[in-house]
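One letter stands for each residue in the lines below.
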Amino acid sequence: QARLVESGGGLVQAGGSLRLSCEAFGISFTTGQVHWYRQAPGNEREFVANIFSRGTTNYANSVKGRFTIFKDTGKNTVFLQMNNLRPEDTAVYYCNYDDRAMRGREYWGQGTQVTVSS
């Protein structure tokens with residue numbers, strides 16, 4: 001069954017780093033885009049970063065210069081490297097694969113909790 005599995009979340013002090021992983025099963029990231037979103041308690045889900053099939057990346061202003069999205073095609077995994085974390089980065093982070101334009105499909109992961117203490 002096609003699915004996305006996130007991992008790598010946890011508790012870290014402000015200024016620390018985490019690397020999130022989004023591994024695809026039954027899906028190949030050869031078309032479409034992979035996005036990371038996050039949702040803090042009481043807030044709307046917000047865009048964090050994305051990467052297109054050819055490697056183009058985009059970031060929310062709030063994470064530019066601190067977060068990096070990249071993929072390992074051989075492992076069918078997209079990563080989100082998060083450095084210089086701040087308490088306001090605390091949220092559940094979700095991976096999304098959007099291939100609706102090419103193949104009419106979209107998938108979400110289950111989410112992984114990131115907590116940054118001050």
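Each value, and the rule that gives it
- Residues numbered from 1 in each chain as written.
- Predicted model: local features only at pLDDT ≥ 70, side-chain atom pairs only at ≥ 80, totals over all residues.
- Heavy atoms only, no water.
- Helix = DSSP H or I, 4+ residues; strand = E, 2+ residues; numbered from the N terminus.
- Rg over C-alpha atoms; globule rule 2.2 N^0.38 Å.
- Areas by Shrake-Rupley, 256 points an atom, 1.4 Å probe, with all protein chains shown as cover.
- Lys, Arg positive; Asp, Glu negative; His and termini not counted.
- Charge placed at Lys NZ, Arg CZ, Asp CG, Glu CD.
- Core = buried A, V, L, I, M, F, W, Y, C linked by side-chain atoms within 4.5 Å.
- Buried < 20%, exposed > 50% of the residue type's maximum accessible area, 1.4 Å probe, protein only.
- Contact = heavy atoms within 4.5 Å.
- Disulfide = S-S within 2.5 Å.
- Pairing = 2+ DSSP bridges.
- Axes fitted to C-alpha atoms, helices over the stretch in contact; angles between N-to-C directions.
- Polar contact = N/O pair within 3.5 Å; in protein donor to acceptor, adjacent residues only side chain to side chain.

1. Observations concerning the overall build of the protein chain
(1) Moving on: The helix and strand inventory of the protein chain stands at one helix and eleven strands.
(2) Moving on: Taken from the N to the C terminus, the helices and strands of the protein chain come in the order β-β-β-β-β-β-β-β-β-α-β-β.
(3) Moving on: Taking 13 Å as the expected radius of gyration for a compact globule of 118 residues, we find that the protein chain reaches 14 Å, a close match to that expectation.
(4) Moving on: Projected onto its principal axes, the C-alpha coordinates of the protein chain cover approximately 45 × 25 × 25 Å.
(5) Moving on: For the protein chain, the accessible area works out to roughly 6200 Å², and carbon and sulfur atoms hold 46% of it.
(6) Moving on: Side chains of the protein chain carry 13 positive and 10 negative charges; the gap between the two charge centres is 5 Å.

2. Remarks on the nonpolar core
(1) Moving on: Membership of the largest hydrophobic core comes to 28 residues, with the highest contact counts inside it found for Trp36, Leu80, Met82 and Tyr93.
(2) Moving on: If we skip the residues at most four places from it in the chain, Met82 touches Gly16, Ser17, Leu18, Leu20, Arg66, Phe67, Tyr93 and Val114.

3. Description of the state of the cysteines
(1) Moving on: Under the counting rule described, the total for this entry stands at one disulfide.
(2) Moving on: Through a disulfide, Cys22 is tied to Cys95; the S-S separation comes to 1.9 Å. When the S-S torsion is -70 degrees, as for the bridge of Cys22 with Cys95, the disulfide is left-handed. In this pair, Cys22 sits in strand β3 (residues 18–25) while Cys95 sits in strand β9 (residues 91–99), placing the two residues 73 residues apart along the sequence.
(3) Moving on: Exposure remark for Cys22: the relative accessible area of 0% places this residue in the buried category.

4. Quick notes on the sheet that holds strand β7 (residues 67–72)
(1) Moving on: Taken in spatial order, the four strands line up as β1-β3-β8-β7 in an open sheet, and their pairing is antiparallel. Looking at strand neighbours, the two that pair on one side only are β1 (3–7) and β7, the edges of this open sheet. When the angles between neighbouring strand axes are averaged without regard to direction, this sheet yields 15 degrees.
(2) Moving on: Here β1 pairs with β3 via five bridges, running antiparallel. Bridge pairing links Ser7 to Ser21 in β3.

5. Focus on the pairing of β7
(1) Moving on: Where β7 meets strand β8 (residues 77–82), six bridges bridge the pair, whose relative direction is antiparallel. Bridge assignment links Ile69 to a residue of β8, and that residue is Leu80.

6. Quick notes on the environment of Asn58
(1) Moving on: Inspection of the secondary structure puts Asn58 in strand β6 (residues 57–59).
(2) Moving on: Between the alpha carbons of Asn58 and Ile69 there is a distance of 8.5 Å; along the sequence they are eleven residues apart.
(3) Moving on: With residues near it in sequence (within four places) discarded, Asn58 still touches Phe47, Val48, Ala49, Asn50 and Phe52.
(4) Moving on: In terms of polar contacts, Asn58 uses its side chain to reach the side chain of Asn50, at 3.0 Å.

Any link to function would need more than the numbers given here.
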